[in-house]
Amino acid sequence: MKFFKLKNKKYIYLKKMETTHKKIIIFYYSYHNMNTKKLLEASCANCSNVELIQLPTERTDVSGYDFIGFASGIYYLGMAKEIYEQIEKLKGLEGKHCFSIATSGMGFEKFGYYPKNYIIKKGGLFEGALSIKAYDAFGPFKLIGGINKNKPNEDDFNNTKRFIDNIVMKYENE
Ligand SMILES: Cc1cc2nc3c(=O)[nH]c(=O)nc-3n(C[C@H](O)[C@H](O)[C@H](O)COP(=O)(O)O)c2cc1C
């Protein structure tokens, strides 16, 4: 309901992914606090054209999709190995528009770009990366009750949706 009160771009952005006829599949890995899963599920809620697939999975054929996303928490400065294994296994990635999303304690921009070269190597078109700060209670952060409490939050959900929408809308008329 909150979005209906807004007269600005947020409302328009929120409509976009829900109304496009483009098919989107996002492979994700999430285990620490389920931050990545939470972020995707909230950002893509009500988008019937978006499929969220938790890794590992038997699904390897992406030929029927227009956009392919990869999302993971950051573990010891890297995305989960399952992301790279999945990219390697995928059939039909050639020429597809791809994007990646990272959630992490530090939120460094470069984290989002980690799968870029793997995607390109498989013939995918890399369209952009997003990095989101999220709750992190790993290692020493546990002693202080974790950092980035209550994240991902609604702003993160909107930013993620906007990020995907912007990529999708660029190719809406293809
Ligand atoms: C084993 C482990 C290692 C982590 N390493 C990093 C790291 O190197 N850099 C960072 O910013 N966050 C790190 N984090 C925090 C996670 O990236 C962050 O909480 C992320 O949102 C977890 O995603 P998930 O809940 O979807 O699994 C680490 C967390 C765990 C459990």
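A quick note: this is a predicted structure, and the numbers were derived from the prediction, not measured.

Caption draft 1: Examining the overall build of the protein more closely. The secondary structure content of the protein amounts to seven helices and six strands. Relative to the globule expectation of 16 Å for 174 residues, the C-alpha radius of gyration of the protein, 16 Å, shows essentially globular dimensions. Principal-axis analysis of the C-alpha atoms gives the protein an extent of 50 × 45 × 25 Å. Within the span of the protein, comprising 174 residues, buried residues form 41% of the whole. Put simply, 76% of the contacts in the protein that link residues at least 6 apart link residues at least 24 apart.

Caption draft 2: Structural detail: the environment of Asn 150. Mapped onto the fold, Asn 150 is located in the loop between β6 (125-133) and α7 (154-170). The class of Asn 150 is exposed, set by 8 C-beta atoms lying within 10 Å.

Caption draft 3: Here's a closer look at the pairing of strand β1 (residues 24-29). Taking burial as the measure, the six residues of β1 include six buried ones, the bulk of the element. Every second residue of β1 is oriented toward a common face, with Ile 24, Ile 26 and Tyr 28 on one face and Ile 25, Phe 27 and Tyr 29 on the other, all of them buried. Judged from the five bridges that link them, β1 and strand β2 (residues 50-54) form a sheet pairing that is parallel. Within the sheet, the bridge partner assigned to Ile 24 lies in β2 and is Val 50. What joins β1 to β2 is helix α3 (residues 35-43), and the crossover it makes is right-handed. Where β1 lies against strand β3 (residues 67-75), six bridges are found, and the strand directions are parallel. Bridging across to β3, Ile 26 finds its partner in Gly 69.

Caption draft 4: Summary view of helix α4 (residues 81-89). For α4, the complete set of buried residues consists of Ile 83, Gln 86 and Ile 87. Seen along its axis, α4 keeps its buried residues to an arc of 100°; they face one direction. In α4, the exposed positions angled more than 90 degrees off the buried face are occupied by Lys 81 and Glu 88. Looking at the buried side of α4, the elements it contacts are β1, β3, β4 (78-79) and α6 (116-121).

Caption draft 5: A look at the site of the ligand. As a structural note, the neighbourhood of the ligand is formed by 20 residues, with Ser 30, His 32, Thr 36, Gly 73 and Met 106 the closest of them. Within the residue set of the shell around the ligand, elements represented by two or more residues are α3, β3 and β5 (97-104). Here the element with the most residues in the shell around the ligand is β3; it accounts for three residues.

The rules behind each value
Residues numbered from 1 in each chain as written. Predicted model: local features only at pLDDT ≥ 70, side-chain atom pairs only at ≥ 80, totals over all residues. Helix = DSSP H or I, 4+ residues; strand = E, 2+ residues; numbered from the N terminus. Rg over C-alpha atoms; globule rule 2.2 N^0.38 Å. Buried ≥ 20, exposed ≤ 12 C-beta atoms within 10 Å, placed from the backbone. Contact = placed C-beta atoms within 7 Å. Pairing = 2+ DSSP bridges. Right-handed = clockwise from strand over helix to strand, strands pointing away. Arc of directions from axis to C-beta. Near = placed C-beta within 6 Å.

Such coordinate-based values are descriptive only and should not be taken to indicate function.
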